[in-house]
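# Per-entry structural report
Listed here are the chains, written in short residue letters.
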Amino acid sequence: MGCWTTSFNFGHLKAHSKVSFYFTMILIFTYLFYCLTGYCDSMPSPLYVHQSFKTKLYSLEGKKLQPDAHLNISIDREVPASDPKDLEDETLQRGLDYNTYNNLSVSNNFGTKEFPQTIIIGVKKGGTRALLEFLRVHPDVRAVGAEPHFFDRLYENGLQWYRNLMPRTLEGQITIEKTPSYFITHEAPHRVFSMSRATKLIVVVRDPVTRAVSDYTQTLTKNPSLPTFQNLVFKNSSTGLIDTSWSAVRIGIYAKHLENWLRYFPLSQFLFVSGEKLVTDPAGEMGRVQDFLGLKRVVTNKHFYFNQTKGFPCLKKPEGSNRPRCLGKSKGRPHPHIPSEVLHRLREFYKPFNLKFYQMTGQDFGWD
Ligand SMILES: Nc1ncnc2c1ncn2[C@@H]1O[C@H](COP(=O)(O)OS(=O)(=O)O)[C@@H](OP(=O)(O)O)[C@H]1O
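This is a predicted model, so every value here is computed, not measured. (Residues numbered from 1 in each chain as written. Predicted model: local features only at pLDDT ≥ 70, side-chain atom pairs only at ≥ 80, totals over all residues. Heavy atoms only, no water.)

## A closer look at the site of the ligand
- Taken together, 25 residues form the shell around the ligand, and within it Thr128, Lys178, Ser214, Gly332 and His335 come nearest.
- Between the ligand and Gly126 there is a distance of 3.3 Å, counted from an oxygen atom to a backbone nitrogen or oxygen.
- Within the complex, the protein chains bury 98% of what would otherwise be the 640 Å² of accessible surface of the ligand.
- Listed by contribution, the elements that provide at least two residues to the shell around the ligand are α4 (128-135), α7 (208-222) and β11 (312-315).
- Ranked by the residues each element gives to the shell around the ligand, the list is headed by α4, at four residues.
- Among the residues forming the shell around the ligand, the class breakdown is eight nonpolar, eight polar and nine charged. (Near = heavy atom within 4 Å. Polar contact = N/O pair within 3.5 Å; in protein donor to acceptor, adjacent residues only side chain to side chain. Areas by Shrake-Rupley, 256 points an atom, 1.4 Å probe, with all protein chains shown as cover. Helix = DSSP H or I, 4+ residues; strand = E, 2+ residues; numbered from the N terminus. Nonpolar A, V, L, I, M, F, W, Y, C, P; charged D, E, K, R; others polar.)

Following this line, the structure appears as structure tokens:
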């Protein structure tokens, strides 16, 4: 600093002017230092286009995008891993607000933002949050905490926007996101394929009858004046005709939705995780998942404990914390009582679809 002072004549300045001059200089140097080390990334700036961009970018129509394509997003920040208060933060299910991300996010400049190589595409209420949180314990996995809903609701925001939501990864780390509604979205397979035909797809499936009740329970929590399950499940209660237009029923016809995905992706790119086993044997199911992703089996039995109060396996040390943690209140809710004859009728309805699904996947999930 001495050489700086020699080039200025401070004689006429009062002491406090000197102090503010030095203070300003310190601020400028600090700012320059942080910029040089990359932390200016957290300041508003044009979207960062990675030189090491490995995946080709395609527009909605499947045309390749130019790296200098006009970008509307002006801020490049990392999406928060998850709401620290509640592992099952579903804020984005109600519509993704980029600014919400923006305000909460923490940025660092290590690694690059890549498109997810793996997506947990379904199914709603299958146990997708549990799987994502268990996977995040793995040091080679980086995941978006909330559900991006890109391939169903927000596709028009463009692939650059989507990639910008991703956490930064280092060499050897994989990027994952989960949005369970992709599985039942007609356009999703083609859109994911357009991003990368090599995407690995994970589907957490659960007995469609229990899944439907779980789905109903969630809606009931939000709207206590909802008609009863039996009122909604039948088109005609006297004939026992099931109402397949009710989403709680439709989502469980897994074979039908899978058919749509198989038009674009070979079976070898799917992993079907049993939602039931994820509860009874989380480490066993996580072993399969890690193998499928080509990851070392790091997440094992020692990462889980069974929480008697919750009635579910919980993590001894979730990502970014040393304290044991279970999923939030909305995961593992008690279900309302549904008359057994209603459940029986629904089970009969699903039987042929389940069998077809077992044939298609080569796995018997034991729901019948
Ligand atoms: N470890 C653990 N802790 C708590 N809950 C667990 C766990 N593993 C699986 N599950 C089951 O996950 C069900 C919720 O599924 P999703 O996370 O896929 O729901 S959502 O679609 O994201 O809303 C949720 O459904 P409900 O029991 O009906 O609430 C759980 O049964």
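Structure shown, so let's carry the discussion forward.
## Quick notes on the state of the cysteines
- Under the criterion given, the structure shown has one disulfide.
- A sulfur-sulfur separation of 2.1 Å characterises the disulfide bridge that pairs Cys314 with Cys326. An S-S torsion of about 100° defines the bridge between Cys314 and Cys326 as right-handed. Separated by 12 residues along the polypeptide, Cys314 in strand β11 and Cys326 in the loop between β11 and α13 (340-361) bring together distant segments of the chain.
- For Cys326, a relative accessible area of 19% puts it in the buried group. (Disulfide = S-S within 2.5 Å. Buried < 20%, exposed > 50% of the residue type's maximum accessible area, 1.4 Å probe, protein only.)

## Regarding the nonpolar core
- Core analysis: the largest hydrophobic core is formed by 34 residues, its most contacted members being Ile121, Phe151, Tyr162, Tyr182, Trp261, Phe270 and Phe357.
- Within the residue set of this core, elements represented by two or more residues are β2 (118-122), α5 (159-165), α6 (188-195), β6 (200-205), α10 (254-262), β9 (270-274) and α13.
- The contact partners of Phe151, leaving out residues within four places of it in the chain, are Ile119, Tyr162, Glu177, Tyr182, Thr185, Ala188, Arg191, Val192 and Met195.
- Listed in part, the 26 residues of the second largest apolar core include Ile176, Ile202, Met286 and Leu327. (Core = buried A, V, L, I, M, F, W, Y, C linked by side-chain atoms within 4.5 Å. Contact = heavy atoms within 4.5 Å.)

## Looking at α7
- For α7, built from 15 residues, the straight-helix expectation of 21 Å at 1.5 Å per residue is met to within 8% by its first-to-last C-alpha distance of 21 Å.
- Three or more residues of α7 are buried, namely Pro208, Val209, Arg211, Ala212, Val213, Ser214, Asp215, Tyr216, Thr217 and Gln218.
- Looking at the buried residues of α7, the elements they touch are α8 (229-233), α9 (247-250), α10 and α13.
- The N-cap of α7, judged by a side-chain oxygen 2.9 Å from the amide nitrogen of Val209 a few residues on, is Asp207. (Expected span 1.5 Å × (residues − 1).)

## Side note on the sheet that holds β9
- The five strands lie next to each other as β3-β5-β2-β6-β9, forming an open sheet whose pairing is parallel. With one partner strand each, in any of the chains shown, β3 (141-143) and β9 form the two edges of the open sheet. Across the sheet, the mean angle from the axis of one strand to that of its neighbour is 25°, orientation sign disregarded.
- Note that β2 and strand β5 (residues 174-178) share three bridges and pair parallel. The residue of β5 that forms the bridge with Ile120 is Lys178.
- Packed on one face of the sheet, helix α12 (residues 282-292) meets β6 and β9 and runs near 170° to β9. (Pairing = 2+ DSSP bridges. Axes fitted to C-alpha atoms, helices over the stretch in contact; angles between N-to-C directions.)

## Thoughts on the environment of His190
- Residue position: His190 is located in helix α6.
- Sequence separation between His190 and Phe151 is 39 residues; the distance between their C-alpha atoms is 9.3 Å.

## A look at the side chain of Asp243
- Structurally, Asp243 can be placed in the loop between β8 (241-242) and α9.
- Buried within the structure, Asp243 lacks any salt-bridge partner; Lys235 is the closest side chain of opposite charge, at an N-O distance of 4.6 Å.
- At a separation of 2.5 Å, a polar atom in the side chain of Asp243 contacts the side chain of Ser245.
- If we ignore the near neighbours within four places in the chain, the residues touching Asp243 are Leu232, Val233, Phe234, Lys235 and Val249. (Lys, Arg positive; Asp, Glu negative; His and termini not counted. Salt bridge = Lys/Arg side-chain N within 4 Å of Asp/Glu carboxyl O.)

## Describing the packing of α4 against α12
- Contact pair α4 / α12: the axes reach a minimum separation of 11 Å and the direction vectors enclose 70°. Here α12 runs roughly perpendicular to α4, going by the angle between their axes. Across the interface between the two elements, Leu131, Phe134 and Leu135 from α4 touch Pro282, Met286 and Val289 from α12.
- A breakdown of the residues in the contact of α4 with α12 according to their chemical character gives six nonpolar, no polar and no charged. (Parallel < 35°, antiparallel > 145°, perpendicular 65-115°, else oblique.)

## Observations concerning the packing of α7 against α13
- Packing of α7 against α13 brings their axes to within 9 Å, and their N-to-C directions diverge by 125°. As the angle between them shows, α7 and α13 are arranged oblique. Residues Pro208, Val209, Ala212 and Val213 of α7 lie in contact with α13, whose contacting residues are Leu343, Leu346, Arg347, Tyr350 and Asn354.
- Its residues placed into classes, the contact of α7 with α13 shows seven nonpolar, one polar and one charged.

## Details of the pairing of β9
- A large share of β9 lies buried, amounting to five of its five residues.
- Of the two faces of β9, both are covered, the one formed by Phe270, Phe272 and Ser274 as well as the one formed by Leu271 and Val273.

## A closer look at the packing of aromatic side chains
- Across all of its chains, the model carries 26 aromatic pairs by this definition.
- Seen from their ring centres, Phe150 and Tyr155 are 5.0 Å apart, and the 50° between their planes marks the pair as tilted.
- The class of Tyr155 is buried, set by a relative accessible area of 6%.
- Linked through ring pairs, Phe115, Phe150, Phe151, Tyr155, Trp161, Tyr162 and Tyr182 together constitute an aromatic cluster.
- A cation sits over an aromatic face here: Arg163 above Phe115, 5.9 Å from the ring centre. (Phe/Tyr/Trp six-rings, centres within 6.5 Å; stacked < 30°, edge-to-face > 60°. Lys NZ or Arg CZ within 6 Å of the ring centre and 35° of its normal.)

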